[in-house]
Amino acid sequence: MFFPSFLCNFAPIMTDNKQKALELGQKPVGALLWQYALPAIVAMTATSLYNIIDRASIGQVVGADAIAGLGITFPFMNLSSAFGAAVGVGSSTCISVKLGQKDYRTAQLLLGNNVTLNLIVGIVFMVVSLVFIDPILRFFGASDATLPYARQFMQVILAGNVITHMYFGMNAVLRAAGKPKHAMYATLFTVGMNILLVIAFVWWLRWGIRGAALATILSQTMALCWQLWLFSNKNELLHLRRGIYKLKKDLVRNIVSIGVSPFLMQATSCVIVIFMNNQFYRYGGDMAVGAYSIANSFVMALFMFVMGITQGMQPIVGYNFGARKFDRMLRCLWLSITAATAILIVGWLISMLFPRQIARIFATDPVLLDMSAHGIVVDMLVFFVVGSQAVITNFFQSIGKVRISIFLSLSRQLIMLLPLAYVLPLFWGLDGVWYSMPVSDFMAFIVTIPILLWYLRKLKSYGQKDNN
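Calculation criteria
Residues numbered from 1 in each chain as written. Predicted model: local features only at pLDDT ≥ 70, side-chain atom pairs only at ≥ 80, totals over all residues. Heavy atoms only, no water. Helix = DSSP H or I, 4+ residues; strand = E, 2+ residues; numbered from the N terminus. Expected span 1.5 Å × (residues − 1). Bend = angle between axes of the 7 residues up to and from the residue. Buried < 20%, exposed > 50% of the residue type's maximum accessible area, 1.4 Å probe, protein only. Salt bridge = Lys/Arg side-chain N within 4 Å of Asp/Glu carboxyl O. Phe/Tyr/Trp six-rings, centres within 6.5 Å; stacked < 30°, edge-to-face > 60°. Polar contact = N/O pair within 3.5 Å; in protein donor to acceptor, adjacent residues only side chain to side chain. pLDDT = per-residue confidence, 0-100. Contact = heavy atoms within 4.5 Å. Disulfide = S-S within 2.5 Å.

## A few points about helix H3 (residues 64-100)
Right, on to step 1. Here H3 contains 37 residues, and its C-alpha end-to-end distance of 50 Å stays within 8% of the 54 Å for a straight helix at 1.5 Å per residue.
Right, on to step 2. When the local axis directions of H3 are compared, the greatest deviation, roughly 30 degrees, occurs at Ala-85.
Right, on to step 3. With 29 of its 37 residues buried, H3 lies for the most part within the structure.
Right, on to step 4. Downstream of H3 by one or two residues, Lys-102 has phi in the positive range, about 60 degrees.

This is the structure we're talking about:
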């Protein structure tokens, strides 16, 4: 039988792409988690390194007010990430499940809807935020001293907001499509280029905090061009083509229903950082806000490892849930919890032994150093329990259990941290603000474990019905 030559070339590649998706349900789970999580962990580690260098450059070159101003921008960055996560995580989770069900046509449409939603959300968020930037930053806790720095940074970041959304959205789809190494390469390139540009713009050209923001956007732009080139390859199982960009009501509803959990997690972080910035300013002034920024930077650097594990876990859990291979799904869950906990125990030891050395990376001011070192120790007191809570929350998100995931996302910060951060300072002042964080971490862990055990008993009964 005669086949056109382009079909002969196309078929083996399509078969290989499908095989990469099918291995999510066939390859040993431990090796699979390592295969998917390691690139994400490497990428997150590189991102942590960039964040440290970025903040250290601002703190060392520009000064203490600049690092406090950068801390004011965290809520803005979290809010932007919240909208990006709603689209990126929601669509990539749906793609993982559809690949598990071998519904390749719907997975293709999800890719197109991911692109369209990121464009719409990115543009709307950029315009609204730029129009009201000063009132928003004031609301987030900016003072007369820190507002100029926060404004300069966010004007550049918001101008490139669409690029940021598209970049993270494409990386999420790469992982869901069985290409974790490509997602890692994109992140490593972004981080490496970012570091080089920060050195050039901040240290050499002395463009200050605006130069650091410009370095972020330019590096993401270059990585996005490469991602779009990858997805323009028609030989790929998922690729950009005509007819997939029109928003489909059912697909958008599925994306949003799953994406609402990471959205609320990021939006909650935004609310919490706003409130905490104001509390630290109220009880300790701009220096306390700067110390919180430094402590938060270190905590997030450690948490990036956990995020790498959850990103590697997500397509494996989603695929095997869609394929009803619950034993593989649960094995991935337990391995992820173990790995996340082990990593944070190491981070906890480092923070307990070397808090002042960590703070010295970001600041030279003696008062800021003392406050930051104390804050790092307190913030990290029980941080080793956060890994399991984050993995379990992501597990429920990956299998589409939206309500449980939302509750767990909100429990650690909004439900527990917010009231604690208000009440404890009434009795212990600035220390009360610091201690509210480890107390809420431990309380959220206590709530999460019974919910997981309840669902596992429920899942076991489902498995017994399937066997019957």
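More follows now that the structure is in view.
## A few points about the pattern of salt bridges
Here the idea is simple: oppositely charged side chains can pair when their charged atoms come close.
Right, on to step 1. Enumeration over the complete set of coordinates arrives at four salt bridges.
Right, on to step 2. Its salt-bridge partner being Asp-134, residue Arg-151 comes within 2.8 Å of it at the nearest N-O pair. Linking Arg-151 in helix H6 (residues 147-159) with Asp-134 in helix H5 (residues 133-139), this pair joins segments that are 17 residues apart in sequence.
Right, on to step 3. For Arg-151, a relative accessible area of 24% translates into the label partly exposed.

## Examining the packing of aromatic side chains
How two aromatic rings sit relative to each other is given by the distance of their centres and the angle of their planes.
Right, on to step 1. According to the stated counting rule, one finds 15 aromatic pairs in the structure shown.
Right, on to step 2. Consider the rings of Phe-321 and Phe-326, whose centres lie 6.1 Å apart with planes at 45 degrees: the pair is tilted.
Right, on to step 3. In this structure Phe-326 comes out as buried when scored by relative accessible area, which is 11%.
Right, on to step 4. Measuring from centroid to centroid gives 5.3 Å for Phe-396 and Tyr-455, while their planes differ by 75 degrees, and the two rings are edge-to-face. Residue Phe-396 is located in helix H14 (residues 386-398), and its partner Tyr-455 is located in helix H17 (residues 430-467); the two are separated by 59 residues in the primary sequence.
Right, on to step 5. What makes Phe-396 buried here is its relative accessible area of 0%.
Right, on to step 6. Among the residues examined, Tyr-455 registers a relative accessible area of 3% and is labelled buried.
Right, on to step 7. Here the aromatic cluster, defined as three or more aromatic residues joined through ring pairs, consists of Phe-83, Phe-125 and Phe-263.

## Concerning helix H13 (residues 366-379)
Right, on to step 1. When the terminal C-alpha atoms of H13 are compared, their 20 Å separation across 14 residues agrees well with the 20 Å that a helix rising 1.5 Å per residue should span.
Right, on to step 2. Listed in full, the buried residues belonging to H13 are Leu-368, Leu-369, Met-371, Ser-372, Ala-373, Gly-375, Ile-376, Val-378 and Asp-379.
Right, on to step 3. The N-capping residue of H13, defined by a side-chain oxygen 3.0 Å from the backbone nitrogen of Val-367, is Asp-365.

## Let's talk about the confidence of the model for the protein
Right, on to step 1. Per-residue confidence for the protein gives a mean pLDDT of 84, with 93% of residues at or over 70.
Right, on to step 2. Overall, residues 1-16 carries pLDDT values under 50, and its contacts beyond four positions in sequence, including any with other chains, amount to seven contacts.

## Some remarks on the environment of Ala-82
Right, on to step 1. By the element assignment, Ala-82 lies in helix H3.
Right, on to step 2. Spatially, the C-alpha atoms of Ala-82 and Leu-264 are 7.0 Å apart, while their sequence positions differ by 182 residues.
Right, on to step 3. Sequence-distant contacts of Ala-82, that is, excluding residues within four places in its chain, are made with Phe-263, Gln-266 and Ala-267.

## Digging into the state of the cysteines
Right, on to step 1. Taken as a whole and judged by the stated rule, the model has zero disulfides.
Right, on to step 2. Sulfur of Cys-94: no disulfide; nearest cysteine sulfur belongs to Cys-332 and is 18 Å away.
Right, on to step 3. Overall, the relative accessible area of 7% leaves Cys-94 in the buried class.

## Quick word on the side chain of Asp-379
Right, on to step 1. Tracing the sequence through the fold places Asp-379 in helix H13.
Right, on to step 2. The residues contacting Asp-379, other than those within four sequence positions of it, are Ala-295, Val-299, Met-437, Pro-438 and Asp-441.

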